[in-house]
Amino acid sequence: MTTASPEPLDNRPPAIGASPRRQLALQLAAALAVLSLAWPYYGMRNEELPWPGTALAIGGVALLLASFTRQPWWWRLIHLFFAPLAWGVAGLAIDPGWFLLLFIALLLVYRGALTGQVPLYLSNRPTALALAELTAERPALRFLDLGAGIGSVLRPLAGKRPDASFTGVENAPATWLIGRLLTAGLANCDWRWGDFWRTDLASFDVVYAFLSPAPMAALWEKVQREMRPGSLFVSNSFPVPGVEASREIELADARQTRLYCYRV
């Protein structure tokens, strides 16, 4: 996702940055719980540890721990399949270099999911059309997309509104580069690399985000702190917890997209 002046560190949500360590702790706790029971049991029977079943048990316990601690659904799936997949892949004798290459590729595309619990979600065309209609009566519109992906919202909006200014912020290298190339010919589109937590929202009339449930409470605090009265914050699919939206727009698309609109 050039960046604005950094906010003080205490304005950033600490739980998001710490999440990968929590997930690692959950996976290690599941492995320790299963192995501490299985190893003595099979050791006393003088039998070899059945690794396929053990890996499945670790995955099941990790899923229970992730569910108990209310982790997002994608982390629960990761916990469930991590140990079984790790055991399965270990038997394939794959060159370690391929794993490094895969990790780098995932980091280039899904950096937000690894570091901030924000997976890559691409907004569809019906969403862009709904946003165009929602902002049609705002002259000289200044629009910001937080976590802009490859520009699937900004490109159609910038094409429809040459009088308006559109800014996208993205921090995953591969998606930023694709978005940069796709928006290069749009004079009214400012494509930025950076952290949306460090992006000042004060100069924008409409701020749009398609993130995940994890950052919404902290993002709403940032919106209230920085956006001007009368401006609009729009969240795709994920409402601000405990806050009633000023308007909800349900789209007739395959995923039944809902836009939550909050007037500041």
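Residues numbered from 1 in each chain as written. Predicted model: local features only at pLDDT ≥ 70, side-chain atom pairs only at ≥ 80, totals over all residues. Heavy atoms only, no water.

Participant: Outline the overall build of the protein chain, listing residues and values.
Facilitator: In terms of regular secondary structure, the protein chain is built from eight helices and seven strands. Within the protein chain, buried positions represent 43% of all 264 residues. For the protein chain, the accessible area works out to roughly 14,300 Å², and carbon and sulfur atoms hold 64% of it. (Helix = DSSP H or I, 4+ residues; strand = E, 2+ residues; numbered from the N terminus. Buried < 20%, exposed > 50% of the residue type's maximum accessible area, 1.4 Å probe, protein only. Areas by Shrake-Rupley, 256 points an atom, 1.4 Å probe, with all protein chains shown as cover.)

Participant: Tell me about the packing of aromatic side chains, residues and numbers included.
Facilitator: Per the counting criterion, the structure on display carries nine aromatic pairs. Their ring planes at 85° and their centres at 6.1 Å tell us that Trp-176 and Trp-193 sit as a pair that is edge-to-face. Of this pair, Trp-176 sits in helix α7 (residues 173–182) while Trp-193 sits in strand β3 (residues 189–193), placing them 17 residues apart in sequence. Classification of Trp-193 by relative accessible area gives partly exposed; the value is 35%. Relative to Phe-233, the ring of Trp-220 lies with its centre 6.3 Å away and its plane at 40°, an arrangement referred to as tilted. Residue Trp-220 is found in helix α8 (residues 216–226), and its partner Phe-233 is found in strand β5 (residues 232–236); the two are separated by 13 residues along the sequence. Three or more aromatic residues link up through ring pairs in this structure, and these residues are Phe-143, Phe-166 and Tyr-208. (Phe/Tyr/Trp six-rings, centres within 6.5 Å; stacked < 30°, edge-to-face > 60°.)

Participant: So what's going on with the environment of Ser-212? Which residues, and what values?
Facilitator: With respect to the helices, strands and loops of the structure, Ser-212 is situated in the loop between β4 (206–209) and α8. Here the alpha-carbon distance between Ser-212 and Ser-237, two residues 25 residues apart in the chain, equals 8.2 Å.

Participant: Summarise a nonpolar patch on the surface; cite the residues concerned and give the values.
Facilitator: On the surface, a nonpolar cluster with roughly 450 Å² of combined accessible area is contributed by Trp-73, Leu-77, Phe-81 and Leu-85. Assignment of secondary structure puts Trp-73 in helix α3 (residues 73–90). For Trp-73, a relative accessible area of 56% translates into the label exposed. (Patch = residues over 30% accessible without salt bridge, like charges linked within 9 Å, V, L, I, M, F, W, Y side chains within 5 Å. Salt bridge = Lys/Arg side-chain N within 4 Å of Asp/Glu carboxyl O.)

Participant: Summarise the nonpolar core; cite the residues concerned and give the values.
Facilitator: By size, the foremost hydrophobic cluster in this structure holds 45 residues, and its most contacted members are Leu-131, Phe-143, Phe-233 and Val-234. The contact partners of Phe-143, leaving out residues within four places of it in the chain, are Leu-131, Val-153, Leu-154, Leu-157, Ser-165, Phe-166, Thr-167, Phe-204, Val-206 and Tyr-208. Within the second largest apolar cluster, five residues are counted, among which are Val-34, Ile-58, Ala-62 and Ala-83. (Core = buried A, V, L, I, M, F, W, Y, C linked by side-chain atoms within 4.5 Å. Contact = heavy atoms within 4.5 Å.)

Participant: Quick rundown of the pairing of β5? Include the residues and the values.
Facilitator: Of all five residues making up β5, five are buried, and the element is well covered by its neighbours. Burial along β5 is two-sided: Leu-232, Val-234 and Asn-236 facing one way and Phe-233 and Ser-235 facing the other are all buried. As paired strands, β4 and β5 are joined by four bridges and run parallel to one another. Residue Val-206 lies in a different strand from β5, and its bridge partner there is Leu-232. For β5 and strand β7 (residues 258–263), the ladder comprises five bridges, and the chain directions are antiparallel. Note on β7: the bridge partner recorded for Ser-235 is Tyr-260. (Pairing = 2+ DSSP bridges.)

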